[in-house]
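A closer look at the structure
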Amino acid sequence: YLTYCITLRMIISGRLPFSNGHETLLTIGWLSQALAIIGNRKLKVCLPVGILVSGFALLASSLSDMDPKITPLMPVLNSPLLSIHVSLMMISYTLAGFITLISFAAILTHLIRTNDEVEERFLILNKLLLYPTLFTMTIGIFTGAIWANVSWGDYWAWDPKETWALITLLLYSFAFHASLIPPLQKSINMHLFLFFAFISLLVTYF
């Protein structure tokens, strides 16, 4: 059904559905469900996590301040770089959502009944997800800078969106290099860090 809705928006607008918050949240919802279905064959935790991430995205897409109207793109947004940049960022946001919920499950496990083996398994899964998350986030920000230069004549303007995107990238980079940061070498600390790092991503998005 979600695939049908997104396809219909694409047919009506004649472009990929990346122009506003409502459309990007629909995309995150679709990517989450796709990842849940694909990942469920290998890891059963992917299905509930994916459905939750998708549910949160679709809930946010239906909030009153999200405008679902299909409108023409402004000339400055009418660029193939927009599709590349936004699609990469949406993939990274979706993966980060998975990481956050897995970390939340690990934190709950730690609070209810300390189980180092389960926490460690969740941590291994999160470390695997960090690779594509950081890769797509980095390339997404890079293509965004190129698009900004083509559209506005400036690669980087230090506006709030760009600044918080950089902060988010740095936070997830710290997690990626946790072996060099002694406090993050403990699994529960790493899960707490990854859980709260998502706040930065939410600030970046909204």
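In the block above lies the structure referred to throughout.
Looking at the secondary structure, you find Ile12 in helix H1 (residues 2-13). Counting along the chain gives 186 residues from Ile12 to Phe198, while the straight-line C-alpha distance between them is 33 Å.

As a further point, take the packing of helix H4 (residues 80-112) against helix H7 (residues 187-205). Direction vectors running N to C along H4 and H7 enclose 140 degrees, while the axes themselves pass 8 Å from each other. Judged by the twist between their axes, the crossing of H4 over H7 is left-handed. Judged by residue contacts, Met90, Tyr93, Ala96, Gly97, Ile99, Thr100, Ser103, Phe104, Ala106, Ile107 and His110 of H4 engage Ile188, His191, Leu192, Leu194, Phe195, Phe198, Leu201, Thr204 and Tyr205 from H7.

Right, let's get into the packing of H1 against helix H2 (residues 21-39). Where H1 contacts H2, the two axes come as close as 10 Å, and the packing angle between them is 145 degrees. Crossing of H1 against H2: the hand is left-handed. For the pair formed by H1 and H2, the contact residues are Leu2, Thr3, Ile6 and Arg9 on the first element and His22, Glu23, Leu26, Thr27, Gly29, Trp30 and Gln33 on the second. The residue makeup of the contact of H1 with H2, split by class, is four nonpolar, five polar and two charged.

A separate point is unusual backbone geometry. Phi at Trp158 takes a positive value of approximately 60 degrees, unusual for a residue other than glycine. Assignment of secondary structure puts Trp158 in the loop between helix H5 (116-152) and helix H6 (160-176).

What follows deals with the layout of surface pockets. Gaps left between atoms are located by rolling a probe of water-molecule size over the structure's atoms. Looking at the largest pocket, its volume works out to about 780 Å³. Leu82, His85, Val86, Trp147 and Lys161 are the residues nearest the centre of the largest pocket, which is lined by 28 residues in total. Secondary-structure elements contributing two or more residues to the lining of the largest pocket are H2, H4, H5, H6 and H7. Residue composition of the lining of the largest pocket, grouped by class: 17 nonpolar, seven polar and four charged. Of the volumes computed, that of the second largest pocket is approximately 440 Å³. In terms of lining, the second largest pocket is formed by 18 residues, of which the most central are Val53, Phe56, Ala57, Phe198 and Leu202. At six residues, the largest contribution of residues to the lining of the second largest pocket is made by H7. Here the lining of the second largest pocket is composed, by residue class, of 16 nonpolar, two polar and no charged.

Relative to the helices and strands, Leu128 is located in helix H5. Measuring from C-alpha to C-alpha, the distance between Leu128 and Cys5 comes to 31 Å, with 123 residues separating the pair along the chain.

A full pass over the atoms with the stated rule returns two salt bridges. Residues Glu23 and Arg9 are paired through a salt bridge, measuring 3.1 Å at the closest nitrogen-oxygen approach. Placement of the pair is Glu23 in helix H2 and Arg9 in helix H1, with a sequence separation of 14 residues. Assessed through its relative accessible area of 12%, Arg9 is described here as buried. A salt bridge links Arg15 to Glu23; its shortest N-O distance comes to 3.2 Å. A single burial state applies to Arg15 and to Glu23, both of which are buried.

The rules we used
Per chain, the residues get numbers from 1 upward, laid out in the order the sequence is written. Only residues with pLDDT of at least 70 are given local features in this predicted model, and only at 80 or more are side-chain atom pairs given and counted; all residues enter the totals for whole chains, interfaces and linings. Water and hydrogen atoms were dropped before computing side-chain values, which therefore reflect all heavy atoms in the structure. Where helices and strands are cited, they refer to DSSP runs of H or I of at least four residues and of E of at least two residues respectively, numbered from the N terminus. Angles shown run from 0 to 180 degrees and are taken between the N-to-C directions of axes, each axis being a line fitted to C-alpha atoms and, for helices, limited to the stretch in contact. For any pair of crossing helices, the crossing counts as left-handed if the nearer helix is rotated counterclockwise from the farther one by less than a right angle, and right-handed if it is rotated clockwise. The contact rule is simple, with two residues in contact once any of their heavy atoms fall within 4.5 Å. Throughout this entry, Asp, Glu, Lys and Arg are counted as charged residues, while Ala, Val, Leu, Ile, Met, Phe, Trp, Tyr, Cys and Pro are counted as nonpolar. The remaining residues, Gly among them, count as polar. A cavity, in this analysis, means grid points on a 1 Å lattice covering only the protein atoms where a 1.4 Å probe fits yet has no way out; a pocket is instead an open set bounded by protein on both sides within 12 Å along at least five of seven lines, and a residue lines either one if it has an atom within 4 Å of a point. Grid points are joined across faces, edges and corners, and a volume is the space filled by probe spheres set on the points. Put simply, a salt bridge is a Lys or Arg side-chain nitrogen that is within 4 Å of an Asp or Glu carboxyl oxygen. Note on classification: 1.4 Å probe, protein chains only; a residue is buried when its accessible area is under 20% of the maximum for its type, exposed when over 50%, partly exposed between these limits.

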